[in-house]
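Examining the three-dimensional arrangement
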Amino acid sequence: MADDMEAVALSELRIAHGTIEARRAQTLRRVPVFQSALCRVRQGTKLLEWGARQARAGTHDVVLMPAGQELGVANLPGAQGYRAEVLSFSPALIARFRARHGGLVDTQLRQAATASLCVPLDPHAALAWDQLTASLGSSTPSALLAHQAEGLLLALALGGHCGPLLLDRRDPLAARVQQVLLLDPGADWSVAKVASHLHLGASTLRRQLALEQRHFRAILEDVRLGLALQELQSGILPIGDIAAACGYASPSRFAARFRQHYGLSPRDLRATL
């Protein structure tokens, strides 16, 4: 039984690794962050906006992307273009890090509200980053990957730069709804279907989301457009296929909603790659 529980726990300690590349400048508004993530710029510059604040990240910085945050982003190519690596961490991994490093975490959280989302990447964090990304590209066991991810978070925390990633979500039910929708963003989701996954009644789900000032349809579109943005930036699938996979029967409607949300069309974004 203990082994089964450990296996379940390890399956939830997920780390995802992706790369964003561009030949031309990209400017995106309202980019949703579904899971806590870090972005390391390798070439070019990233401009960041959240609330009334702004920051600039170059090749010696790392960008903190807290779960639940909506960011304005500009990716600006340098002489060799723009390239950045992104690491995202499951809620379970962030929760385990918080539990294991309580005293240090408490100090970070007290500073989180005023902390910048763009912080310097010191040698310890840079080394931890490189070790983790190398392991993600191999057949490294999940338990070791989780420890390496916590090592990277610890290096940032020891430098005083991890607080925003560790904040509790202000919309815990909305976050759970997002995780259900991420299972299959193109599915024909309804309030009743999601409520069933969460072992709630449909009316209860609506009421609790309203208390968080969130609405089911808005969360669903955020998830679909967020995943569409990731697929478009990968440059692999045709735009029509991405629209269908993200639940849009009409490519033209998808393009209109994407432009309304991010400030540029899918075709315009693809032209920057």
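Describing the sheet that holds strand E2 (residues 26-32)
Taken in spatial order, the 4 strands make up an open sheet running E2-E7-E4-E5, and their pairing is antiparallel. The outermost strands of the open sheet, each flanked by one partner alone, are E2 and strand E5 (53-57). Each strand axis lies, on average, 20° off the axis of its neighbour in the sheet, ignoring direction. Two elements, E2 and strand E7 (residues 70-76), share 5 bridges in a ladder whose sense is antiparallel. If you follow threonine 27 over to E7, its bridge partner there is alanine 74. Taken strand by strand, helix H10 (residues 216-234) contacts E2 and E7, and its axis lies near 145° from that of E2.

As for the layout of surface pockets
Its boundaries defined by the atoms lining it, the largest pocket holds a volume of some 910 Å³. Looking at the largest pocket, it is lined by 32 residues, and the ones nearest its centre are Phe34, Val86, Ser88, Leu227 and Gln230. Residue assignment for the lining of the largest pocket shows that the elements contributing at least two residues are strand E1 (15-22), E2, strand E3 (37-43), E7, strand E8 (82-89) and H10. Of the residues forming the lining of the largest pocket, the biggest block, 7 residues, is contributed by H10. For the lining of the largest pocket, the per-class residue count stands at 17 nonpolar, 12 polar and 3 charged.

Considerations on the pattern of salt bridges
Using the criterion set out here, one finds 10 salt bridges in the structure. Its salt-bridge partner being aspartate 130, residue arginine 40 comes within 3.0 Å of it at the nearest N-O pair. Note that arginine 40 is positioned in strand E3 and aspartate 130 in helix H4 (residues 123-136), a separation of 90 residues in sequence. On the basis of relative accessible area, arginine 40 is assigned to the buried category, the value being 8%. When its relative accessible area of 35% is taken as the criterion, aspartate 130 is described as partly exposed. A salt bridge links glutamate 85 to arginine 42; its shortest N-O distance comes to 3.5 Å. Here glutamate 85, found in strand E8, pairs with arginine 42, found in strand E3; they are 43 residues apart in sequence, far enough to count as distant. Taking the relative accessible area as the measure of exposure, arginine 42 reaches 27% and is therefore partly exposed. Connected via shared salt-bridge partners are Arg40, Arg42, Arg83, Glu85 and Asp130.

Points about the pairing of E5
Bridge count between strand E4 (residues 45-50) and E5: 5 bridges; the pairing is antiparallel. Bridge pairing in E5 links leucine 48 to alanine 55. Linking two consecutive strands that pair antiparallel, namely E4 and E5, is a turn of 2 residues; a positive phi of about 60° is found at glycine 51 within it.

The rules behind each value
Residue positions are given per chain, counting from 1 as you read along its sequence in written order. At least 70 in pLDDT is required for a residue's local features to be given in this predicted model, at least 80 for side-chain atom pairs to be given and counted, and no such filter applies to totals for whole chains, interfaces and linings, which use all residues. Neither water nor hydrogens contribute to the side-chain values; these are computed over all heavy atoms in the structure. Any two strands are treated as partners once DSSP identifies two or more bridges connecting them. Runs of E in the DSSP output that reach at least two residues are strands. Runs of H or I that reach at least four are helices, and both are numbered from the N terminus. The angle between two axes is taken between their N-to-C directions and runs from 0 to 180 degrees, where each axis is a line fitted to C-alpha atoms and a helix contributes only its stretch in contact. Whether two residues are in contact is decided by their heavy atoms, any of which lying within 4.5 Å being enough. A 1.4 Å probe that fits but cannot get out identifies a cavity on a 1 Å grid over protein atoms alone, an open set with protein on both sides within 12 Å along at least five of seven lines counts as a pocket, and a residue lines either if it has an atom within 4 Å of a point. Grid points are joined across faces, edges and corners, and a volume is the space filled by probe spheres set on the points. Following the grouping adopted for this structure description, the nonpolar residues are Ala, Val, Leu, Ile, Met, Phe, Trp, Tyr, Cys and Pro, the charged ones are Asp, Glu, Lys and Arg, and the polar ones are all others, Gly among them. Salt-bridge detection follows one rule: a side-chain nitrogen of Lys or Arg within 4 Å of a carboxyl oxygen of Asp or Glu. Exposed residues in this analysis have more than 50% of their type's maximum accessible area, buried residues have under 20%, and partly exposed residues fall in between, with area computed by a 1.4 Å probe over protein chains only.

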